[in-house]
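# Architecture at a glance
Okay, here's what each chain looks like letter by letter:
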Amino acid sequence: MSNNSIAFFIGLFGSVHCIGMCGPLAFAIPTVNNKWWLIVADKVTYNIGRIVTYSFLGLLIGFIGKQLWLSGLQQGVSIVSGLLIIMAACSRLFKVRIKDNKILSSLLSPIKRLLNYALRRHAGHLIVGLLNGFLPCGFVYLALVGAVNTSSPLASARFMFWFGVGTFPLMLLATISSGFIGPVVRRRINKAMPYLMVCLGFWFILRGINLNIPYLSPQIKPSDIQVCH
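Residues numbered from 1 in each chain as written. Predicted model: local features only at pLDDT ≥ 70, side-chain atom pairs only at ≥ 80, totals over all residues. Heavy atoms only, no water.

### Thoughts on the overall build of the chain
Test applied: Runs of H or I in DSSP of at least four residues are treated as helices and runs of E of at least two as strands, each being numbered from the N terminus. A 1.4 Å probe rolled over the protein chains alone gives each residue an accessible area, and that area as a share of the maximum for its type sets the label: buried under 20%, exposed over 50%, partly exposed in between. A contact between two residues is defined here by any heavy atoms of the two lying within 4.5 Å.
From N to C terminus, the chain includes 8 helices and 0 strands. Along the chain, helices (α) and strands (β) appear in the sequence α-α-α-α-α-α-α-α when read from the amino end. By the burial criterion, 42% of the 229 residues in the chain qualify as buried. Taking all contacts inside the chain whose residues are at least 6 apart in sequence as the whole, residues at least 24 apart take part in 79%.

If you want it as C-alpha cells, here you go:
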C-alpha cells in the first residue's frame, strides 16, 4: 500500500472522530444562502480550506523529513514513529489521560482567537476552514507523523493532502446533514480506532526494519533519496 493510500485511510477513518470534535464548529458557521446548492458549495469550500491547511503543514514538516532522509536517519525515524503511534493507541485503549500541554495551548491561542473573530465577523467558510486546519487534533498529528517519513517536502504535502481528502466525504455529509452519524455508531467506530493505530504503528516499524518486502517493508537504498543540486 502506498503512502498516499495510507494517508487517505487515516483521514477516512479518523473523520468519524473529526465529526464529533470539529463538527460543532462546522455547524456554527452561518449560512446566508437558502438554495441547497449554495449551501453545499459553502460546505465544500470549508472542507477545501481544511485540506489546504493540512497540505501546508505537510509542506513545512516535509523539510524536517527531507533532512532526516539526507542524514540517513529515515529508518530510525520510521521505527520511532511506529512506536509513538502504538503508544498513543495504548493510551486510548487503557484510557490514560495526558495533561494538556500549556506550551502548545499558548501557541494555538492566537489561532483560536482568529477563529472566534472570523466566526463573529462572518469571514466565510474558506477562512474558517483554513483556520480550523491549525487546531489540535490527534489524527492530524498522526498524519503528520506519517508525513515526516516521506522523502521530500512535496511528498509530505501530498501525504497530508490525501489525508485531507480522506476526511472530506464524511465531514461534507455531516456538515450538510447536521451529523448523519449518530453517537452510538461514532462510539463503536472510535473504539476500533486504537486497533487500527496499532496496525499502522507496526507498519511503520516494519518499514524501518527494511526487510525488502514489497509495499510492506520495501528496501530503502541511497539512490532512493533525492538530492537537489
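### Focus on a nonpolar patch on the surface
To keep it simple, the criterion reads: Patch criteria: residues need more than 30% relative accessible area and no salt bridge. Like-charged residues are merged within 9 Å; nonpolar side chains of Val, Leu, Ile, Met, Phe, Trp and Tyr are merged within 5 Å. Accessible surface is estimated by sampling points in the Shrake-Rupley manner with a 1.4 Å probe; for residues, cover comes only from the protein chains shown. A pair is scored as a salt bridge if a Lys or Arg side-chain nitrogen falls within 4 Å of a carboxyl oxygen belonging to Asp or Glu.
A contiguous nonpolar surface patch, about 440 Å² in accessible area, is contributed by Leu93, Phe94, Val96 and Tyr195. Inspection of the secondary structure assignment puts Tyr195 in helix α8 (residues 183-209). Exposure remark for Tyr195: the relative accessible area of 52% places this residue in the exposed category.

### Examining the packing of aromatic side chains
The description of an aromatic ring pair rests on the distance of the ring centres and on the angle between the ring planes. Put simply, the rule is: Stacked, edge-to-face and tilted labels apply to pairs of Phe, Tyr and Trp rings (six-membered ring for Trp) whose centres lie within 6.5 Å, assigned for plane angles under 30 degrees, over 60, and everything in between, in that order.
Within the structure shown, the criterion is met by 6 aromatic pairs. With a centroid separation of 5.2 Å and an interplanar angle of 65°, the aromatic rings of Trp203 and Phe204 are classed as edge-to-face. The pair formed by Trp203 and Phe204 is uniform in burial state, with each residue classed as buried. Through pairs of rings, three or more aromatic residues link up here, namely Phe8, Phe9 and Phe13.

### Section: the side chain of Thr167
Threshold: Polar contacts here mean pairs of N or O atoms no more than 3.5 Å apart (in protein, one a potential hydrogen donor and the other a potential acceptor; neighbouring residues in sequence count only if both atoms are side-chain atoms).
Structurally, Thr167 is set in helix α7 (residues 153-177). Under the relative-accessibility criterion, Thr167 is labelled buried at 1%. Here the side chain of Thr167 touches Gly164 through a polar contact of 2.7 Å, landing on its backbone oxygen. Contacts of Thr167, omitting those with residues within four sequence positions, involve Gly11, Leu12, Ser15, Arg50 and Tyr54.

### Digging into the confidence of the model for the chain
Operational definition: What pLDDT reports is the predictor's confidence in each residue, on a scale of 0 through 100.
Residue-level pLDDT values for the chain average 77, and 73% of them are 70 or greater. Contacts from residues 222-229, a stretch scored under 50 in pLDDT, to residues over four places away or in other chains number 8 contacts.

### Side note on the side chain of Ser78
Tracing the backbone shows Ser78 in helix α3 (residues 74-93). Apart from residues lying up to four places away in sequence, Ser78 is in contact with Asn149, Phe204, Ile205, Arg207 and Gly208.

### Here's the deal with helix α5 (residues 125-132)
The line we're drawing: The arc in question is the one spanned by the directions pointing from the helix axis to the C-beta atoms.
Of all the positions in α5, only His125, Val128, Gly129, Leu131 and Asn132 are classed as buried. Mapping the buried residues of α5 onto a view down its axis gives an arc of 165°, with all of them on the same face.

### Some words on the packing of helix α2 (residues 36-70) against α5
Heads up, the rule is: Helix axes are fitted to C-alpha atoms over the stretch in contact, other axes to C-alpha atoms as well, and angles between N-to-C directions run from 0 to 180 degrees. By definition, turning the near helix anticlockwise from the far helix through less than a right angle yields a left-handed crossing, and turning it clockwise yields a right-handed one. Polarity classes work like this: nonpolar for Ala, Val, Leu, Ile, Met, Phe, Trp, Tyr, Cys and Pro, charged for Asp, Glu, Lys and Arg, and polar for all others, with Gly in that last group.
Where α2 contacts α5, the axes come no closer than 7 Å and their chain directions differ by 35°. Relative to α5, α2 is oriented so that their crossing is right-handed. In this structure, α2 uses Asp42, Lys43, Thr45, Tyr46, Gly49, Arg50, Val52 and Thr53 to contact α5, whose residues at the interface are His125, Leu126, Val128, Gly129, Leu130 and Asn132. The residue makeup of the contact of α2 with α5, split by class, is 5 nonpolar, 6 polar and 3 charged.

### Things to note about α3
An α-helical segment advances 3.6 residues per turn. Residues three or four places apart therefore align on the same side. Spelled out, the test is: Expected span of a helix, by definition, is 1.5 Å for each gap between consecutive residues, and there is one gap fewer than residues.
Given a rise of 1.5 Å per residue, 20 residues ought to cover 28 Å, and the 28 Å separating the end C-alpha atoms of α3 matches this to within 8%. Gln74, Val77, Ser78, Ser81, Gly82, Ile85, Ile86, Ala89 and Ser91 are the residues of α3 that are buried.

### As for a positive patch on the surface
The test is simple: Charged residues are defined narrowly, with Lys and Arg counted positive, Asp and Glu counted negative, and His plus the chain ends left uncounted. Taken as the charge centre is NZ of Lys, CZ of Arg, CG of Asp or CD of Glu, depending on the residue.
Judged by side-chain charge, Lys95, Arg187, Arg188 and Lys191 come together as a positively charged surface patch. By the element assignment, Arg188 lies in helix α8. Since its relative accessible area comes to 63%, Arg188 is described here as exposed.

### A look at the environment of Arg158
Position of Arg158 relative to the elements: it lies in helix α7. Arg158 gets classed as partly exposed once you look at its relative accessible area, which sits at 42%. Taking the C-alpha atoms as reference points, Arg158 and Leu59, separated by 99 residues in sequence, lie 8.2 Å from one another.

### Observations concerning the packing of α2 against helix α6 (residues 138-147)
Selection criterion: Working rule for angles: under 35 degrees goes down as roughly parallel, over 145 as roughly antiparallel, 65 to 115 as roughly perpendicular, anything else as oblique.
Between α2 and α6, whose axes approach to 10 Å, the crossing angle comes to 40°. With respect to each other, α2 and α6 are oriented oblique. For the pair α2 and α6, the crossing hand works out as right-handed. Residue-level contacts link Tyr54, Leu57, Gly58 and Ile61 of α2 to Val140, Leu144 and Ala147 of α6. Considered class by class, the residues forming the contact of α2 with α6 number 6 nonpolar, 1 polar and no charged.

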